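Geometric and topological summary
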Amino acid sequence: MGELRLMKGNEAVAEAAIRAGADGYFGYPITPQSEVMEYLMAEKPHERTGMVVLQAESELAAINMVYGGAACGKKVMTSSSSPGISLMQEGISYIAGAELPCLLVNVVRGGPGLGTIQPAQSDYFQSVKGGGHGDYRLITLAPASVQEMSDFVRLGFELAFKYRNPAMILSDGAIGQMMEKVELFDPVPRSKEILPWATTGKTPDRERNIITSLDLDPKRQEDFNLKLQKKYREIEEKEVRFEKIQCDDAEYLFVAYGTSSRVVQKAVQLARSRGIRVGLFRPITLWPFPSKEIFAMTEQVKGILSVEMSAGQMVEDIRLAVKGKIKVDYYGRMGGIIPTPDEVVEMLEKKIIGG
Amino acid sequence: MAEITLDQIIQPENMVYTRSRIMTDTVLHYCPGCGHGTVHRLLAEVIEELDLQSETIGITPVGCSVLMYNYMDIDMQEAAHGRAPALATAIKRLMSEKFVFTYQGDGDLAAIGTAETIHACNRGENITILFINNGIYGMTGGQMAPTTLPDMKASTCPYGRDVQMMGNPLKITDIVATLPGSYYVTRQSVHTPGNVRKAKKAIRKAVEYQKRNQGTCFVEIVSNCNSGWKMTPVDANQWLEENMLPFYPLGDLKVPEE
């Protein structure tokens, strides 16, 4: 059993980063995720593990520091919240285009624009459809607890390095701010390995390493894009993660992730107490999306309600997954409001069962 | 007098100059007369002379020198427009024993990347910044740069830079010199052989000083863009001397206290 602590989600991210052997964190303050850097600065990881923590002058600088560090094969990360993540999109696209591993954490707040500092899930499109320019994908993990905030730091780095691709933890203001019990994994030392592709200084035993996302030759640029797409298909094949709760006998299905999935867990109990056999399907990877697994559920359930703290973003992927076989609808709240279990059950009855 | 054969001429004792082995065999894409090739060569020579090849990580900008990584036999990263000092910051902090430099043009360093430039220098990042100022956006076809002189013509100020309407040129090197984090700040040019020699000395200092961990070393090279300026290379160098240098005077702006 690992060390148990009562922590905020944001603090769990920070502690997990040190324990995962991260080499560097580069960030810029923004509510509701500032505790990540505050915790790191207070912990002095430079003394614990040698990890570098730096407050950048902007999110632009922060993501480009991540780019520079990642290009050296270092385990580097940043965290921010929605407007800050928007600012980082250029850098994220470059990182994906240069095939570099890194971890990004988005503690989502309501938008658009400056929006609100309250929790939301309205950055789903931005994360899973590519918020920056070009054909690229982000491995997107959706934690539903403080425990998963910690666990997904390790998992995110693992996947990022396995595929040389940026990975994002798509959290929200509620999970970032709430305190829960968390079992911390045991610390691992920082890696001393020099990766063969990394820019660490050209030694006589190898050719020079160049990290770039540029190729002006259309044929080579297309070939590179095809290579990226092949990698993305492999990730879709191998890295889908999800959880099914009370789905065995379900007649109806909720699909929800993150904070919404916590609300929906309660809604499932509530509905079942009224005799409605409903289950919860919780995607853990939002990209790759568990499309096949959701399609498989159409053999069993009569309808699906996607519950999101957005105007209905994930519901589009669910509709694509079920290919029109059964009814799919959406219910959600916006602007920082979290739906209640009562509302959710009511909407299931109205939109799916009665609809 | 007996005929001298080529083989007799090509002897080690007769060699007065050789290309640095840090330069690759790739043909430079720069316009004939452009200063970039000269600055690349100087930097390559310094890296070779100081035996830094295996320690060096360079950052290329977005601009004419974006493909610099094709020309130098060192590890390089290609940054987004203006962000090179941010990349260099992280690299140097993560691997403090390495030699890290950025190579940036005026649009990259003094327009879109102003914040990264100022903050990296103000934090005193132990990096070396080479800043090529030719007063124009070369790669995109000759648009007005932050350093375009008053009344100077460019494709987005075809009647000359009207400072009332378009604002003034930015002397960013002067600003950098005032920052507590900068250690060595100098302005050089490569438009005459004498200036090339001086520029090389300055670049060598800016590279050597990085080992001292005292702050940012910043070398501005006032250069030409004969294509963008629509002049012959010779005319461009003369125009540089008559117009650029009075506005951007050469010399050290900040030198270490010895």
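Counting across every chain of the model gives 11 aromatic pairs over all chains. For the ring pair Y184 of chain B and Y209 of chain B, a centre distance of 5.2 Å and an interplane angle of 90° mean the geometry is edge-to-face. On the criterion of sequence distance, the pair formed by Y184 of chain B in strand β7 (residues 182-189) and Y209 of chain B in the loop between α8 (193-208) and β8 (216-222) is long-range, its members being 25 residues apart. For Y184 of chain B, a relative accessible area of 1% corresponds to the buried category. Judged by its relative accessible area of 9%, Y209 of chain B is buried. A connected cluster of aromatic rings, assembled from ring pairs, spans Y124, F125 and Y257 of chain A.

The side chains of a regular strand alternate, first on one face of the sheet and then on the other. Residues and elements named next belong to chain A. For strand β7 (residues 166-172), a buried count of 7 out of 7 residues is recorded, marking the element as mostly surrounded by other parts of the structure. Because side chains alternate across β7, one face comprises the buried residues P166, M168, L170 and D172, and the other comprises A167, I169 and S171, equally buried. Two strands pair when backbone bridges link them, and strand β5 (residues 102-108) and β7 are joined in this way by 7 bridges, in the parallel orientation. Bridging across to β7, N106 finds its partner in L170. Where strand β6 (residues 139-141) meets β7, 3 bridges bridge the pair, whose relative direction is parallel. Across the sheet, the residue bridging to L141 is I169, located in β7. Crossover handedness for the path β6 to helix α8 (residues 146-163) to β7: right-handed.

So, on to the packing of helix α4 (residues 59-70) of chain A against helix α3 (residues 84-94) of chain B. Orientation of α4 of chain A relative to α3 of chain B, taken along the N-to-C sense of each, is 50°, at an axis distance of 7 Å. Judged by the angle between their axes, α4 of chain A and α3 of chain B are oblique. Where α4 of chain A crosses over α3 of chain B, the two elements pack in a sense that is right-handed. Here A61, N64, M65, Y67, G68 and G69 of chain A of α4 of chain A lie close against α3 of chain B, whose contacting residues are A86, L87, T89, A90, I91 and L94 of chain B.

At the junction of the two partners, chain A supplies 34 residues and chain B supplies 36 residues. Counting each side, the surface lost to burial between chain A and chain B is near 2,700 Å², with a carbon and sulfur contribution of 61%. Contact with chain B buries area across many residues of chain A, yet E57, K202 and R208 of chain A alone supply 23% of it, more than any other trio. Taken together, chain A and chain B are joined by 3 salt bridges.

Here G324 of chain A is to be found in the loop between α13 (314-322) and β15 (327-332). Relative accessible area serves as the criterion here: at 65%, G324 of chain A is assigned to the exposed category.

All names here are of chain A. The assigned domain composition of chain A is domain 1 (3-202 + 225-238) and domain 2 (243-353). The gap between the C-alpha centroids of domain 1 and domain 2 is 27 Å. Facing 32 residues of domain 1, the contacting portion of domain 2 comprises 28 residues. Between domain 1 and domain 2 the total buried area reaches about 2,400 Å² when both faces are included, carbon and sulfur atoms providing 55% of it. Scanning the region where domain 1 abuts domain 2 turns up 4 salt bridges. Residue K292 pairs with E237 through a salt bridge whose shortest N-O separation is 3.7 Å. The tally of links from domain 1 across to domain 2 stands at 16 residue pairs in polar contact (both at pLDDT 80 or more). Elements with a contribution of two residues or more to the side of domain 1 that touches domain 2: α7 (124-128), β6, α8, β7, α9 (173-177) and α10 (218-238). Residue composition of the side of domain 1 that touches domain 2, grouped by class: 18 nonpolar, 6 polar and 8 charged.

Moving on: the side chain of S58 of chain A. Its location among the elements puts S58 of chain A in the loop between β3 (52-55) and α4. For S58 of chain A, a relative accessible area of 16% translates into the label buried. Separated by 3.3 Å, the side chain of S58 of chain A and the backbone nitrogen of L60 of chain A make a polar contact. Within the structure, the side chain of S58 of chain A is placed 3.0 Å from the backbone nitrogen of A61 of chain A, a separation counted as a polar contact. Residues within four places of S58 of chain A in sequence aside, it is in contact with Y28 of chain A together with E116 of chain B.

To continue, consider the nonpolar core. One recurring pattern in soluble globular proteins: nonpolar side chains tend to sit buried together. By size, the foremost hydrophobic cluster in this structure holds 126 residues, and its most contacted members are F26, L100, V153, I294, I304 and I318 of chain A. Looking at this core element by element, the count peaks at 9 residues for α8 of chain A. Formed jointly, this core draws a minimum of three residues from each of two domains, domain 1 (3-202 + 225-238) and domain 2 (243-353) of chain A. Each residue touching F26 of chain A, except ones within four places of it in the same chain, is listed here: V52, L54, A62, M65, V66, V76, M77, T78 and S79 of chain A together with A90 and L94 of chain B. In this structure, Y30, Y184, I203 and V207 of chain B belong to the second largest nonpolar core, which totals 37 residues.

Another aspect to go through is the packing of α4 of chain A against helix α6 (residues 89-97) of chain A. Residues and elements named next belong to chain A. At a closest axis distance of 8 Å, the pairing of α4 and α6 adopts a crossing angle of 15°. As judged from the angle between their axes, α4 and α6 are roughly parallel. Taken as a pair, α4 and α6 cross one another with a handedness that is left-handed. Of the residues in α6, those in contact with I63, V66 and Y67 of α4 are G91, I92, Y94 and I95. Residues that form the contact of α4 with α6 fall into these classes: 6 nonpolar, 1 polar and no charged.

Criteria and thresholds
- Counting restarts for each chain: residues are numbered from 1 in the order of the written sequence.
- Starting at A for chains and at 1 for ligands, labels are handed out in the order in which the entities are written.
- Per-residue local features are limited, in this predicted model, to residues with pLDDT of at least 70; the limit for side-chain atom pairs, both in listing and counting, is 80 or more; totals at the level of whole chains, interfaces and linings are taken over all residues.
- Neither water nor hydrogens contribute to the side-chain values; these are computed over all heavy atoms in the structure.
- Stacked, edge-to-face and tilted are the three classes for Phe, Tyr and Trp ring pairs, Trp counted by its six-membered ring, which pair at centre distances within 6.5 Å; planes under 30 degrees apart are stacked, over 60 edge-to-face, the rest tilted.
- Going along the chain from the N terminus, every DSSP run of H or I of four or more residues is numbered as a helix, and every run of E of two or more is numbered as a strand.
- Buried means the residue's accessible area, taken with a 1.4 Å probe over protein chains only, is under 20% of the maximum for its type, while exposed means over 50%, and partly exposed covers the values in between.
- Pairing between strands is defined by DSSP: at least two bridges between the two strands are required.
- When the strands point away from the viewer and the path from the first strand over the helix to the second turns clockwise, the crossover is right-handed.
- Between N-to-C directions, angles cover 0 to 180 degrees, with each direction set by a line fitted to C-alpha atoms, over the stretch in contact for helices.
- In these notes the angle categories are as follows: under 35 degrees is roughly parallel, over 145 is roughly antiparallel, 65 to 115 is roughly perpendicular, and the rest is oblique.
- Crossing handedness follows the turn of the near helix against the far one: under a right angle anticlockwise gives a left-handed crossing, and clockwise gives a right-handed one.
- By definition in these notes, contact holds between two residues if any of their heavy atoms fall within 4.5 Å.
- Here the quantity called buried area is the total loss of accessible area, with a 1.4 Å probe, experienced by two parts when brought into contact, counted for both.
- The salt bridge definition used is simple: a Lys or Arg side-chain nitrogen within 4 Å of an Asp or Glu carboxyl oxygen.
- All domain edges in this entry derive from an automatic or database-based domain assignment.
- In the analysis that follows, any N or O atom pair within 3.5 Å is treated as a polar contact, provided that within protein one partner can donate a hydrogen and the other can accept it, and provided that, for residues neighboring in sequence, both atoms belong to side chains.
- Three classes are used: nonpolar for Ala, Val, Leu, Ile, Met, Phe, Trp, Tyr, Cys and Pro, charged for Asp, Glu, Lys and Arg, and polar for all others, with Gly counted as polar.
- For the purposes of this section, nonpolar cores are sets of buried Ala, Val, Leu, Ile, Met, Phe, Trp, Tyr and Cys residues that join through side-chain atoms within 4.5 Å.

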